[in-house]
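Listed here are the chains, written in short residue letters.
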Amino acid sequence: MDDSTKRILQRLIRRIPSQMLQTMLGKWAHLSREDLHSLDFTQPKWVLTEQLLALCEENGLRVKHITELEMIYIIENPNQGMWHGFQLLDAEEDAPSIELTQFKKQFKANLTELISNVSIKIKKHTDEAIWIRVAWGDNFTKPNHLKPTYVVHHLQTPYVFVTGLTSKYKPLLNQALVLATRYGSMKDAHLSGRNLTAIRDLLMRQYQQVFPTKNPKPLQEKNPVPRNPNIEKEHAENTENRLQMACEAFGDGTLPQLQKAVYKLETKFRDNSNKTLTDREEPFRGVVEFASTNLLESLRHCVSSGMASTPVTPLLSSITQKGRNYFVITDKGV
Amino acid sequence: MSLLKPFSRLTGLNTANILLVENEEQFQQKLADTVVLQEKTVNVNVRLARSLPLPMENEESRPRIDLVVFIIHLTSELSFQSAETSLKYLDPGYFQGKVCFLVTSARNVSVPPERLVSVRTLAASLHCPLLCAEDQTTEGVTTAAHRLLAILKVAAGLVPMATSLYLSTLTRCTVPSDIDQQNFE
């Protein structure tokens, strides 16, 4: 094994947390059972790394095997790094009938045509998602396995999720994906987050949604929380209304975990107390950013507790309704 | 303006009704549970509201309110403003000992001291008692409930030889005037 391969393996072992290492290596299945048993996982990581390096050398494992291990790790723990959502547009007639082998062949052919030195790995996960790992190189260098791009696509849906893509290779990946999926173009869905499952659920509307109803009271069979007859709430109806509106805007139950919502303002400054800024003709450029560990949960709580006024402003509810978290607001509208 | 009137209804036997007004609607629930649990001899009814005026729909079923407690969280300016605006919807008859202010986070370092001063001046101008409560621990909630119950029983007329007006002259909040402060003796 040459130095670069050793370095890739070292980096990878350092990245995988110790608790998961044993299961990952088991899933990898490139080391025999005796070899796995010979490793003592209670040792410090650097000792383990040395032993693993030796084992891999013995078994003659190469870069492509190590990248397999990395892919297994990322598929199991997708919620790291920054994921961006993209949407495919203008489906052609045979877009819905694309199946896996066809997609794989097309994608690999397209990408290698566009840029010769790439390393591509495609894997289908149990939940019908296709995972693609691309390591980019150019005409003179070998593919850089330390900074790979991961792409997740669910066949028959127009959504693609990408992490680790630099702007240099973005058009190439776009073109390869568009051709392989038989769509016309791909645009940025303006949705990004650390949590892949969250942005996937948000874009594909897989969270529990609440629809406006005429009679929102639940069925009487549901066990009500035993309420103390001596305690009575004066504003009970208001509270229920607020909760209903909050759930309609953001959803019920566990919500997808978004971290940020960014509103880029390009509107004219409007404040009567500040004449110098109000008189300017150019738009006042500002950025409003909401950040939280679980943004949708916090916004829903703001509305249901009355901190944000109801009805929910479309600026906030369009995060879930349109499935994006980056907005540019101009004077004519969002 | 729909004012809340103190004597518009007949009282029930051995009952006391307390109204907790809090903008955030957090502490009032805990306090209500504790108050109801603590009191065994008197039938205590607690009504929770966010602000005044109270909705008209409950006008018929609402009993006579003996004590109105305004819960103000010093950490939020909105809490104080909401309590101030709610005061307008109380009949003046309440201010003879049937209104009480309950303040939380008074010891909190990040709270600007002017807020407590303004709450005190407000309570002093209305001749109402000002209680400080600690809402994060169960002991704090129990203590606050205990004190509120003491005032409530007087306000409901369940303590012989004591009326709420008499009690309020003893418990009302005072703000030391500047003249007193300057004369150190």
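What counts and how
Residues numbered from 1 in each chain as written. Chains lettered and ligands numbered in written order. Predicted model: local features only at pLDDT ≥ 70, side-chain atom pairs only at ≥ 80, totals over all residues. Heavy atoms only, no water. UniProt positions renumbered as here; feature names shortened; annotations may be inferred. Phe/Tyr/Trp six-rings, centres within 6.5 Å; stacked < 30°, edge-to-face > 60°. Helix = DSSP H or I, 4+ residues; strand = E, 2+ residues; numbered from the N terminus. Buried < 20%, exposed > 50% of the residue type's maximum accessible area, 1.4 Å probe, protein only. Contact = heavy atoms within 4.5 Å. Buried area = accessible area lost by both parts, 1.4 Å probe. Salt bridge = Lys/Arg side-chain N within 4 Å of Asp/Glu carboxyl O. Lys, Arg positive; Asp, Glu negative; His and termini not counted. Expected span 1.5 Å × (residues − 1). Patch = residues over 30% accessible without salt bridge, like charges linked within 9 Å, V, L, I, M, F, W, Y side chains within 5 Å. Areas by Shrake-Rupley, 256 points an atom, 1.4 Å probe, with all protein chains shown as cover. Charge placed at Lys NZ, Arg CZ, Asp CG, Glu CD. Pairing = 2+ DSSP bridges. Axes fitted to C-alpha atoms, helices over the stretch in contact; angles between N-to-C directions.

You'll find chain B entered in an unreviewed UniProt entry as Centromere protein M, with Oncorhynchus kisutch given as the organism.

The name that an unreviewed UniProt entry assigns to chain A is Centromere protein N, with the source organism given as Oncorhynchus kisutch. We quote the UniProt Sequence similarities (unreviewed entry) comment for chain A here in full: "Belongs to the CENP-N/CHL4 family."

1. Points about the packing of aromatic side chains
Residues and elements named next belong to chain A. Enumeration over the complete set of coordinates arrives at seven aromatic pairs over all chains. Between the aromatic rings of Trp136 and Tyr169, the centroid separation amounts to 4.6 Å while the plane-to-plane angle is 5 degrees, which identifies the pairing as stacked. With Trp136 in strand 3 (residues 129-136) and Tyr169 in the loop between strand 5 (159-163) and helix 7 (170-181), this pair connects stretches of sequence that are 33 residues apart. Tyr169 carries the same exposure label as Trp136, and that label is buried. Consider the rings of Tyr263 and Phe327, whose centres lie 5.1 Å apart with planes at 10 degrees: the pair is stacked. You can see Tyr263 sitting in strand 8 (residues 260-267) and its partner Phe327 sitting in strand 10 (residues 326-330), a full 64 residues away along the chain. Like Phe327, Tyr263 is buried. An aromatic cluster is built from Trp83, Trp131 and Tyr150, whose rings are joined through pairwise contacts.

2. Regarding the interface of chain B and chain A
One frequent convention defines the size of an interface as the accessible area lost when the parts assemble. At the interface, 21 residues of chain B touch eleven residues of chain A. Together chain B and chain A conceal approximately 1,300 Å² of surface at their shared face, both sides included; 38% is due to carbon and sulfur atoms. Broken down residue by residue, the surface that chain B buries against chain A is led by B:Arg47, B:Leu48 and B:Arg50, which jointly contribute 34%. Connecting chain B to chain A are four salt bridges. Notably, a salt bridge pairs B:Arg47 with A:Glu232, separated by 3.0 Å at the nearest N-O pair. Mapped onto the side of chain B that touches chain A, the elements with two or more residues apiece are helix 1 (27-38) and strand 2 (43-49) of chain B.

3. Focus: the pattern of salt bridges
Overall, the coordinates contain 18 salt bridges over all chains when judged by the stated rule. A:Glu266 serves as the salt-bridge partner of A:Arg285, at 3.5 Å between the closest nitrogen and oxygen. Taken together, the residues span a long stretch of sequence, with A:Arg285 in strand 9 (residues 284-291) and A:Glu266 in strand 8 at a distance of 19 residues. A network of salt bridges, in which partner residues are shared, links A:Glu232, A:Glu234, B:Arg47 and B:Arg62.

4. Observations regarding the side chain of A:Asp35
All names here are of chain A. In this fold, Asp35 is placed in helix 3 (residues 33-38). No salt bridge is formed by the buried Asp35. Its closest oppositely charged neighbour is Arg33, at 11 Å. Setting aside residues up to four positions removed in sequence, Asp35 forms contacts with Leu55 and Asn59.

5. Details of helix 3 (residues 113-125) of chain B
Residues and elements named next belong to chain B. Between its terminal C-alpha atoms helix 3 stretches 19 Å, which fits the 18 Å expected from 13 residues at 1.5 Å a residue. Of the residues making up helix 3, those classed as buried are Arg115, Val119, Leu122, Ala123 and Ala124. Next to the buried residues of helix 3 lie strand 3 (67-73), helix 2 (77-87), strand 4 (99-104) and strand 5 (130-133). Positive phi appears at His127, one or two residues downstream of helix 3, with a value of about 60 degrees.

6. Notes on a positive patch on the surface
All names here are of chain A. Taken together, Arg7, Arg11, Arg14 and Lys147 make up a surface patch of like positive charges. Structurally, Arg14 is set in helix 1 (residues 3-15). According to the relative accessible area criterion, Arg14 is exposed, its value standing at 62%.

7. Details of the sheet that holds strand 9 of chain A
All names here are of chain A. If you trace the three strands from one edge of the open sheet to the other, you get 9-8-10, paired in mixed fashion. Either end of the sheet is taken by a strand with one partner, and the two such strands are strand 9 and strand 10. Averaged over all adjacent pairs, the angle separating strand axes in this sheet is 15 degrees, with direction ignored. The pairing of strand 8 with strand 9 spans eight bridges and is classified as antiparallel. Bridging across to strand 9, Ala261 finds its partner in Phe290.

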